[in-house]
Amino acid sequence: MNNIQGSEILLQKEQISLTKTIDSILKKGIVTQSDRKKLLSFLASNPLLISEYIQRIN
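Residues numbered from 1 in each chain as written. Predicted model: local features only at pLDDT ≥ 70, side-chain atom pairs only at ≥ 80, totals over all residues. Heavy atoms only, no water.

A. Representation of the nonpolar core in the model. Grouped together as the largest cluster of nonpolar side chains are six residues: Leu18, Ile22, Ile25, Leu39, Phe42 and Tyr53. Taken together, the elements giving at least two residues each to this core come down to helix H1 (3–28) and helix H2 (33–45). Here this core gets three residues from one element, more than from any other, and that element is H1. (Core = buried A, V, L, I, M, F, W, Y, C linked by side-chain atoms within 4.5 Å. Buried < 20%, exposed > 50% of the residue type's maximum accessible area, 1.4 Å probe, protein only. Helix = DSSP H or I, 4+ residues; strand = E, 2+ residues; numbered from the N terminus.)

As structure tokens, then:
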């Protein structure tokens, strides 16, 4: 596997994790400390977020 494929797989896993975190927040109606850390970590590691994710996080 080359670096580009590895990066794409990592990004896909991060997107899946982000989607699960956002869905969990919406279902529970609260943001836990763990949720907050996951969101901040994703934001810090992905400065060029897709607008869909920015809207969901907001």
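We are not done yet, so read on.
B. Expanded view of the environment of Thr21. Along the chain, Thr21 falls in helix H1. Through-space distance from the C-alpha of Thr21 to that of Val31 is 9.3 Å; in sequence the pair is 10 residues apart. Thr21 has contacts with Asp35, Lys38 and Leu39, leaving out every residue within four places of it along the chain. (Contact = heavy atoms within 4.5 Å.)

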